[in-house]
Each structure stands twice: as structure tokens, then as C-alpha cells.
Amino acid sequence: MNVAEGGVGPGFIEIAGLTFRYPGADVLAISGVDLMVQKGEFSCIVGPSGCGKSTLLTILSGLAAPEAGTVTIEGHEIYKDGRRTAEELPRCGYMFQDARLLPWRTVRDNLTIALKAADVPEERWDDTVADLLRMLRIEAFADSWPLNLSGGQRHRVAIARALAIEPAFILMDEPFSTLDEVTARFLRTELLEVWQRTGTTIVFVTHSIREAVFLGDTINLMTKGPGMVFDVRRIDADRPRAYEDPSLAEIEGSIVGTVLEAWGYYEQPTARPGDSTG
Ligand code: ADP
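Residues numbered from 1 in each chain as written. Predicted model: local features only at pLDDT ≥ 70, side-chain atom pairs only at ≥ 80, totals over all residues.

**Some points on the overall build of the protein**
Now for step 1: Scanning the protein for helices and strands turns up 7 helices and 11 strands.
Now for step 2: Against the globule reference of 19 Å for 278 residues, the protein gives a C-alpha radius of gyration of 20 Å, in line with a compact fold.
Now for step 3: Counting only C-alpha atoms and orienting by the principal axes, one finds that the protein spans roughly 75 × 45 × 40 Å.
Now for step 4: Across the 278 residues of the protein, 39% fall into the buried class.
Now for step 5: A fraction of 70% describes how many contacts in the protein between residues 6 or more apart in sequence connect residues 24 or more apart. (Helix = DSSP H or I, 4+ residues; strand = E, 2+ residues; numbered from the N terminus. Rg over C-alpha atoms; globule rule 2.2 N^0.38 Å. Buried ≥ 20, exposed ≤ 12 C-beta atoms within 10 Å, placed from the backbone. Contact = placed C-beta atoms within 7 Å.)

Listed below in C-alpha cells is the structure:
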């Protein structure tokens, strides 16, 4: 069910009380995160730098076990109170700030390597790659080397690769933050088209409130680190959305107002030794 088309499904990803500390670290990286993502939803996570957004995605991808808390995906418990309780994790696509393509392999090979690694049957590779290249408008670059592509084209390949492995959901960690704003706007629109066409579930991390309001069905607002989700906003604005839409600007303004205190903008600087008090 695609939330963008008006449906609301059951909790697809359910996270409760998730806490994580990096080995040897004095302080927690995240502290008691609760999060609910519905099937087919475009769910954004917004928080200040260092609050634990990437850490949360790392745990969701199965790369790190939390110290405490529960993660359930599609009704299957994955982690409970620091223990991994499922042998196999649902397959997820992952997209990072940089496209992370293999530079010595063509675009087509970058996709087939991902298909092979994900055990997608070989007879499906050609059709899957052709469909994705068409969907992401990069057919002309199938046999190009990544280094000969623009930043935007490389990101299109990375989106195609995340979709290629037939993931249960896709995690995106600030995927457009290194692109110029015009290219990023094109790619956001294309990502939304692909998302609506495929009905996939996306968890999208960003520190940009504007980007989250443009993209998301829901926005989970995190506190500063060690972070937890302190507010969830549902964005019911019609799609396709326009950056100039005053109702989106209003939502953005309201979220900025909410996070000012949570992110510590009203805090007084701490007095340092030697500061004059008189
Ligand atoms: P965000 O993605 O919101 O910027 P991160 O998840 O990267 O935040 O980091 C959360 C906290 O964990 C930060 O305090 C960061 O310094 C710390 N951290 C991140 N990665 C590591 C690591 N590999 N080892 C130790 N601490 C880490």
C-alpha cells in the first residue's frame, strides 16, 4: 500500500526504546529512540549533526546491535534488549551521501554486482537493469565508467542500485547533501516518482527541514545527541509538491519553531573559567 496514494498500513518498521553506545564511548550515541514507519511510507528523520541519525540507520540495516530496545520489521522481531533475535534480516537498500560506485566497473556492472550479491536470480538481471536504467533516465550511460558521469548521474545509479536488490525498504543517509541545489531538486522529484511507482518504503535521513517537508509523508524530529524522536509530524500536502507552495513554507516554519528549543538555540553559553562576571 502506498501512503502517498492515501493508504495507511500497519507498522512496517517499529522501533521502541532503542539505545546504542559505540564501543569504548563514554556517552550514548542514541538514547531511547521510538519510531514507527508504515509500509510504503516516505519517512524522514530530521535532527542536528551528531544526534545519531546515521547510527539509527546502521542499526536498521543490521550492521550494529543496539544496547537496549526493540526493532520489529514486517512483524518479525529483529532485536530485543540488546540481542539479535532474528537470524536473517530483511534485505534493505542503502544510499549514502556519496554514490559509492565501483570506479573500475561500468554502470551496468555496478548494478549486476549488487544483484549478484543479493542473490537475485541471474535470469532477471538483464530486465531489472534495463528497467531501472530507464526509470532513472540513465540508459545512455549503461556502459559508461562512473568517473565519466556527473554527480547527479552517479546518484541516479546509486538509487537504481538501492532498488535493484528488491529491498524490503530503502535507507537513505543525506543522499543529496553534497549536490548543488538545482541537481538535488531534480533528483528529489525523480526519487519521488520512483517511490510512487514502486511503492517501496523509504527511511530518509536529512538535517534539512525544507527537504524533509518536500519529500516526506512523516517527519520524525530528533533531539540533539544522544538523540531520541521527540515529535512526529505528518505532512498531508498533496503531491506532486512545489517548493514555492506557501503551505509547505508554513509547515517548515512551524517545525523550525519547534526545534529551536530542542536543538539548544535558546541555551545560554556556559561560563568559562576567567570569564568576567562584573
Ligand atoms: P548524525 O548522523 O546525526 O550526525 P551519528 O550517528 O553519526 O550522528 O553520531 C552520533 C554520535 O555517535 C555522535 O556523538 C558521534 O560522534 C558518535 N559516533 C559516530 N560514529 C562513531 C564511531 N564509529 N565511534 C564512536 N563514536 C561514534
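**Some details on the domain arrangement of the protein**
Now for step 1: The assigned domain composition of the protein is domain 1 (3–90 + 168–262) and domain 2 (101–166).
Now for step 2: Just the C-alpha atoms count here: the centres of domain 1 and domain 2 sit 25 Å apart.
Now for step 3: The element that contributes the greatest number of residues to the side of domain 1 that touches domain 2 is helix α5 (residues 181–198), accounting for 7 residues.
Now for step 4: Of the residues that constitute the side of domain 1 that touches domain 2, the class distribution is 7 nonpolar, 3 polar and 1 charged. (Domains from an automatic or database assignment. Nonpolar A, V, L, I, M, F, W, Y, C, P; charged D, E, K, R; others polar.)

**Topic: the sheet that holds strand β5 (residues 76–80)**
Now for step 1: Reading across the sheet, the 5 strands line up as β2-β1-β4-β5-β6 and stay open at both edges, with antiparallel pairing between neighbours. The two strands at the open ends of the sheet, each matched to only one other strand, are β2 (30–38) and β6 (83–84).
Now for step 2: Here strand β4 (residues 68–73) runs beside β5; their pairing, made up of 4 bridges, is antiparallel. Its bridge partner lying in β5, V71 is registered against Y79. (Pairing = 2+ DSSP bridges.)

**Some words on helix α1 (residues 53–60)**
Now for step 1: Across the 8 residues of α1, 6 count as buried, placing the element largely inside the fold.
Now for step 2: Residues K53, T55, L56, L57, I59 and L60 constitute the buried set of α1.
Now for step 3: Looking one or two residues past α1, G62 carries a phi angle of roughly 90 degrees, positive in sign.

**Here's the deal with helix α2 (residues 107–117)**
Owing to its 3.6 residues per turn, the α-helix aligns residues three or four sequence positions apart on the same side.
Now for step 1: Among all positions of α2, only V107, N110, L111, T112, A114 and L115 are buried.
Now for step 2: The inward-facing, buried residues of α2 contact α3 (125–135) and α4 (151–164).
Now for step 3: Downstream of α2 by one or two residues, D119 has phi in the positive range, about 60 degrees.

**Brief notes about the site of the ligand**
Now for step 1: What surrounds the ligand is the set Y22, A25, A29, G47, S49, G50, C51, G52, K53, S54, T55 and G225.
Now for step 2: Its residues placed into classes, the shell around the ligand shows 4 nonpolar, 7 polar and 1 charged. (Near = placed C-beta within 6 Å.)

**Here's the deal with the sheet that holds strand β11 (residues 229–234)**
Now for step 1: As summarised here, the arrangement of the 6 strands in space is β7-β8-β9-β3-β10-β11, forming an open sheet in which the pairing is mixed. Only two strands of the sheet have a single partner each, and these edge strands are β7 (92–95) and β11. Taking each pair of neighbouring strands and ignoring which way they run, the sheet shows an average axis angle of 15 degrees.
Now for step 2: Inspection of the sheet shows β7 paired to strand β8 (residues 169–173) by 4 bridges, in the parallel sense. Its bridge partner being in β8, Y94 is matched across the sheet by L171.
Now for step 3: Where α4 meets the sheet, its contacts fall on β7 and β8, and the angle it forms with β7 comes to roughly 165 degrees. (Axes fitted to C-alpha atoms, helices over the stretch in contact; angles between N-to-C directions.)

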